[in-house]
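Summary of structural features
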Amino acid sequence: MNWTLLVLGSVCLLVLSEDALVHGKRNAGTVTFSRTPRGHSRDRRDTWTGQARFTACKSPLSPRDQELLLSHTHETGFHGDDGSSFTLTWVGDGTGVILVLSTLSAPSDSFYEGGSSRLYRSEDYGKSFHDVSHAINNTFIKKDFGISAGPGNPQQVILTANLPFTETPGGVIFTSMDAGVTFRSVQLPFHPAQAIQFHYQDPKYLVVISIDDGLWLSQDFGKSWSKVHEGVHTFTWGSGITLFFSSSPKETVEAARRGELILRRTQDFGQSFTTIANNTFSFGYIGGFLFTSVMEKLGSPRVIYVSSDQGDHFRKAQLPSATTEQFYSVLDGDEDMIFMHVDNPGEDTYFGTIYTSDDRGILYSKSLERHLFGGEGKSDFTNVTSLRGVYLTNILEEDGRIRSVITFDKGGRWRFLKKPENVNCSETSKKCNLHIHGEHSHFSGITPMLPLSEPTTIGLVIAHGSVGDSISAARPDVYMSGDGGYTWWGTLRGPHHYSILDSGGLIVAVEAHRDRQISSIKFSTDEGHCWKVFNFTDHPIFLAGLVSEPGTKTMNISIFGYRPDDDDQPMWVAVTIDFEHLLTRECGEEDYVHWLAHSDYDSDPETDGCLLGYKETFRRLKKLSACRNGRGYVVSRQQRPCPCTREDYMCEYGFYRHENTSECHLQPNFLNQTQDICLNGELDDLQYTGYRKIPGDKCEGGDRPEDVFKKLCGKDISPPPNSHTKRLPGMLVLIVVCTCVGVIGLVIIAALIITSRRINCRQRSPAYRFSALQLQEDDLCGSNESRPNGKLSGFQVQEDSDDDLIE
């Protein structure tokens, strides 16, 4: 049975998710488990019709190893705890401290508000827990955002009490500076409407929005608070102590929906403000880029503006505009480039196009068409963090089937995943590829976990998937890759919870069942090629999930679940297994091998492994070395520059790649599109090369693709020296949009064409400051004498976003 996307409800008008823009993913140190009442299982019936088959390798566990692991297995039963959910938070790095918040909320239809909660603490990686509810006076803590830990290594913790806001003038928080040993009660002058946000570097700076839309800030870890602004919708930290926030004008109703928010910035903790954009729908900050979506004219589509200098200046991103039925979403980004999804025109299409940016976040090239993005705001776009340049996602084909694609060069080329080496497709399959389940499947309950990779486990990827023509809705299996997604193998039959320990030297997995109990855990020391099974209890439990310390350095794994207690009521149970005593031998130099990433072993030795201008050789643990990396393990790599080739260049706007070639060709109708910009010969110095270097590419020397120069506006254009890397000062850059021809699975990055334009202005073209969006176009050539520093305080952009000028 193949899975065809079906989404109920309407598409949100605009998506610029704060999680995606600011953090990219949830806090890896916090996880919440919920109990599913027996008899109400949501698990669909297992079916294997038409599924690919493979044999998972299992190796017997010796009686000695069984006894050794049992002696280092610790079980905690939370007797008498009737909480419906457990929230676990790791505090600090290497401290072994876990705080567990058990919460029982009152039913939604109950006349009374509130509920009850308990707080537990472990300081030995979950081997034992102690009830420390008395440290917070047995106060009821919020379930949704009741517990937060400081970023990085600090031991700061904040608990937010759940108090009826109709009866108290302000809320209460409990703060701890010693990883939860002691807590201090703080009376707030407001009620928090969300989790209190730490500064990403200095945890003493805290920010939160109150239930009456006030923005509050603390500079002393919650001891005292000051109100920064009223009518605030969202906020995010920028560089240093810069704080961005959007607010509604006074007496404005539904400002966010109407695109009337004001984007402001404070760089002195609210002592002063700077308005940096008006007419804003939403904004976000990622990779040093500040994004905001605006409506330039009443009733016009929305467009994106980008700033790389903390909001001092904005430039219009060269992307298709979005109507009220469409949205934008930043999928991922860093200091080099941004992945942006633009929804396809039309209502409820559930797919769009991925664009990749230049190193300024302004010029965007088409990377992947028909990218799946459902109405529930879920995207399968996944950064494979274990290998540079690798991303996974899914596309929605015209017949409704969902297929997986992967890129190894940050969106330059996409391809279908190879069939795993040990799996054969069914006879009914016309195409045989591996397809990976992402957030859509996780949200729908098809898979218990998302794909997993870690920077400390080079090349390792674990994911649920299926093999065949497209993603199957049948019971998924677990697949693994040891080279960043180039090759795969089937490793576990059926859905599992899995985790990486000891920097990849140990992998653990537990079968995921909602309808029956489990009593064993599987573990592998050879990257999932073969597994051993350890029976950790004689009293099975219903599994809620696995928990391990973030960062993969630990060798402890905690299994959380529940089982009937003496009074036949469900009791929470935590089982922690310490594998350190099983793998006692420290890894030596003979246990490691030097591995060249992105190597195909058949290419020119000079360029083999080259990606974005350089190659990386890693020191990796051998698959058959059953030893311990240890907490002090550090990824070792050597980098060498590569000579430049055509693979280091993208096609510029106005150019496209023919299938199976590396040459960029001029778009056939592009010359016709430029006629309206020639302006009777006023446009001279129009030049372009056909190629541009991929953002972040570090190649040196070598051969540059031959420049392509065309005759436009009746003139032969000859390039000045190094024109492909230098911009002419004082000129405006004109972005001409065209469509790149591509094939799904091998989608080629669309072209960029940079042109310089001489305009009849006495003054040098100013740096446009984006604030009021009210300046008329005629003023662009007017005198700047009355404006400080020659900068414009605002401007109005033409409605045709494809032909607007940016600096």
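Let's talk about the overall build of the protein chain
The number of helices and strands found in the protein chain is five helices and 54 strands. Burial statistics for the protein chain: of 807 residues in total, 55% are counted as buried. Taking the contacts inside the protein chain whose residues are at least 6 apart along the sequence as the reference set, 56% of them involve residues at least 24 apart. When the accessible surface of the protein chain is totalled, it reaches about 35,100 Å², and 47% of it is carbon and sulfur.

Things to note about the sheet that holds strand 31 (residues 461-468)
A sheet is described by the order of its strands in space; here four strands give the open sequence 30-31-32-33, paired in antiparallel fashion. Every other strand in the sheet has two partners, leaving strand 30 (433-436) and strand 33 (489-492) as the edge strands with one partner each. With strand direction ignored, the average angle separating the axes of adjacent strands in the sheet is 55°. Bridge count for strand 30 against strand 31 is four bridges, and the pairing is antiparallel. Looking at the pairing, Leu434 lines up with Val467 of strand 31.

Thoughts on the sheet that holds strand 39 (residues 556-564)
One open sheet accounts for four strands, arranged 2-40-39-38; its pairing is antiparallel. Each edge of the open sheet is held by one strand with a lone partner, namely strand 2 (73-78) and strand 38 (542-547). Each strand axis lies, on average, 20° off the axis of its neighbour in the sheet, ignoring direction. Of the pairings in the sheet, the one linking strand 38 to strand 39 comprises five bridges and is antiparallel in character. Bridging from a neighbouring strand, Leu543 pairs with Gly561 of strand 39.

Notes on helix 2 (residues 63-71)
Since one α-helical turn is 3.6 residues long, residues separated by three or four positions face the same way. Three or more residues of helix 2 are buried, namely Asp65, Gln66 and Leu69. Projection of helix 2 onto a plane perpendicular to its axis shows the buried side chains occupying an angular sector of 105°, all on one side. Along helix 2, the residues that are exposed and aim more than 90 degrees away from the buried face are Pro63, Arg64 and Glu67. Turning to helix 2, the residues buried within the fold contact strand 2, strand 36 (520-524), strand 37 (532-535) and strand 40 (570-578).

Examining the nonpolar core
The biggest cluster of nonpolar side chains holds 26 residues, and the ones touching the most others in it are Leu290, Phe291, Met340 and Tyr364. Secondary structure elements with two or more residues in this core: strand 18 (274-286), strand 19 (289-295), strand 20 (302-307), strand 22 (328-333) and strand 23 (338-343). With five residues, strand 18 is the largest single contributor of residues to this core. Residues within four places of Met340 in sequence aside, it is in contact with Phe291, Ile304, Leu319, Tyr328, Ser329, Val330, Thr353, Ile354, Tyr355 and Tyr364. With 24 residues, the next largest nonpolar core counts Leu501, Val508, Ile518 and Ile521 among its residues.

A word on the state of the cysteines
A complete count under the given rule lists five disulfides for this structure. Through a disulfide, Cys587 is tied to Cys627; the S-S separation comes to 2.0 Å. Taking the torsion about the sulfur-sulfur bond, which here is approximately 100°, the covalent link between Cys587 and Cys627 counts as right-handed. Residue Cys587 is found in the loop between strand 40 and strand 41 (592-596), and its partner Cys627 is found in the loop between strand 42 (614-621) and strand 43 (636-641); the two are separated by 40 residues along the sequence. For the pair Cys587 and Cys627, one class covers both residues: buried. There is a disulfide in this structure between Cys610 and Cys642, and the S-S distance comes to 2.1 Å. Between Cys610 and Cys642 the disulfide shows an S-S torsion of about -95°. By sign, it is left-handed.

Some words on the pairing of strand 13 (residues 215-218)
Burial along strand 13 is two-sided: Leu215 and Leu217 and Trp216 and Ser218, pointing in opposite directions, are all buried. As paired strands, strand 12 (residues 206-209) and strand 13 are joined by four bridges and run antiparallel to one another. In the strand pairing of strand 13, Ile209 is matched with Leu215. Counted along the chain from strand 12 to the antiparallel partner strand 13, the turn is five residues long, and its residue Asp213 has a positive phi close to 70°. Examined bridge by bridge, strand 13 and strand 14 (residues 226-229) share three bridges and lie antiparallel to one another. Pairing of Trp216 across the sheet is with Lys227, part of strand 14.

A few points about the packing of aromatic side chains
The way to describe two aromatic rings as a pair is by their centre distance and the angle between their planes. For the coordinates displayed, the defined rule picks out 27 aromatic pairs. Aromatic pair Phe78 and Tyr120: ring centres 4.8 Å apart, planes at 75°, arrangement edge-to-face. In this pair, Phe78 sits in strand 2 while Tyr120 sits in strand 5 (residues 115-122), placing the two residues 42 residues apart along the sequence. Across this residue pair, the class does not change: Phe78 and Tyr120 are buried. Centre to centre, the rings of Phe190 and Trp216 are 4.7 Å apart; their planes meet at 20°, and the pair counts as stacked. Note that Phe190 is positioned in the loop between strand 10 (184-187) and strand 11 (197-198) and Trp216 in strand 13, a separation of 26 residues in sequence. For the pair Phe190 and Trp216, a shared accessibility class is recorded, and that class is buried. In this structure an aromatic cluster arises from ring pairing among Phe33, Phe78, Phe86, Tyr120, Phe129, Phe542, Phe560, Tyr562 and Trp572. Lying over the aromatic face of Phe281, Arg302 brings its terminal NZ or CZ to 3.8 Å of the ring centre. Its guanidinium or amino end placed over the ring of Phe351, Arg370 lies 3.9 Å from that ring's centre, counting from NZ or CZ.

Points about empty space enclosed by the protein
Tallying each qualifying case throughout the model produces five cavities of 30 Å³ or more. Considering only enclosed or pocket space, the largest cavity measures out at about 180 Å³ in volume. Lining of the largest cavity is provided by 17 residues; of these, Ser503, Gly504, Glu527, Arg620 and Leu621 occupy positions nearest its centre. Here the residues of the lining of the largest cavity are counted per class, giving five nonpolar, seven polar and five charged.

Points about the pattern of salt bridges
Side chains that differ in charge, positive against negative, can pair when their charged atoms come close. On inspection of all chains with the given rule, the structure shows 26 salt bridges. Here Glu369 and Lys366 are joined by a salt bridge, their closest N and O atoms 3.1 Å apart. Residue classification places Glu369 among the partly exposed positions, given a relative accessible area of 24%. Residue Lys366 is classed as buried on the basis of its relative accessible area of 11%. For Lys522, the salt bridge is made with Glu511, and the minimal N-O distance between the two is 3.2 Å. Taken as a pair, Lys522 in strand 36 and Glu511 in strand 35 (residues 506-511) lie far apart in primary sequence, eleven residues in all. Overall, Glu511 belongs to the partly exposed group, its relative accessible area being 28%. Connected through salt bridges with shared partners, the residues Arg388, Glu616 and Arg637 form a single ionic network.

Details of unusual backbone geometry
The phi angle of most residues is negative, glycine excepted, and most peptide bonds adopt the trans form. With phi around 70°, Asp213 is a residue other than glycine that occupies positive phi space. Along the polypeptide, Asp213 turns up in the loop between strand 12 and strand 13. Despite not being glycine, Thr552 has its phi angle at roughly 70°, a positive value.

Quick notes on the side chain of His513
Note on placement: His513 falls in the loop between strand 35 and strand 36. For His513, the side chain forms a polar contact with the side chain of Arg516, separated by 3.3 Å. If we skip the residues at most four places from it in the chain, His513 touches Arg475 and Ile518.

Cut-offs and rules
- Residues numbered from 1 in each chain as written.
- Predicted model: local features only at pLDDT ≥ 70, side-chain atom pairs only at ≥ 80, totals over all residues.
- Heavy atoms only, no water.
- Helix = DSSP H or I, 4+ residues; strand = E, 2+ residues; numbered from the N terminus.
- Buried < 20%, exposed > 50% of the residue type's maximum accessible area, 1.4 Å probe, protein only.
- Contact = heavy atoms within 4.5 Å.
- Areas by Shrake-Rupley, 256 points an atom, 1.4 Å probe, with all protein chains shown as cover.
- Pairing = 2+ DSSP bridges.
- Axes fitted to C-alpha atoms, helices over the stretch in contact; angles between N-to-C directions.
- Arc of directions from axis to C-beta.
- Core = buried A, V, L, I, M, F, W, Y, C linked by side-chain atoms within 4.5 Å.
- Disulfide = S-S within 2.5 Å.
- Phe/Tyr/Trp six-rings, centres within 6.5 Å; stacked < 30°, edge-to-face > 60°.
- Lys NZ or Arg CZ within 6 Å of the ring centre and 35° of its normal.
- 1 Å grid on protein atoms, 1.4 Å probe; cavity = no way out; pocket = protein on both sides within 12 Å on 5 of 7 lines; lining within 4 Å.
- Points joined across faces, edges and corners; volume = space filled by probe spheres on them.
- Nonpolar A, V, L, I, M, F, W, Y, C, P; charged D, E, K, R; others polar.
- Salt bridge = Lys/Arg side-chain N within 4 Å of Asp/Glu carboxyl O.
- Polar contact = N/O pair within 3.5 Å; in protein donor to acceptor, adjacent residues only side chain to side chain.

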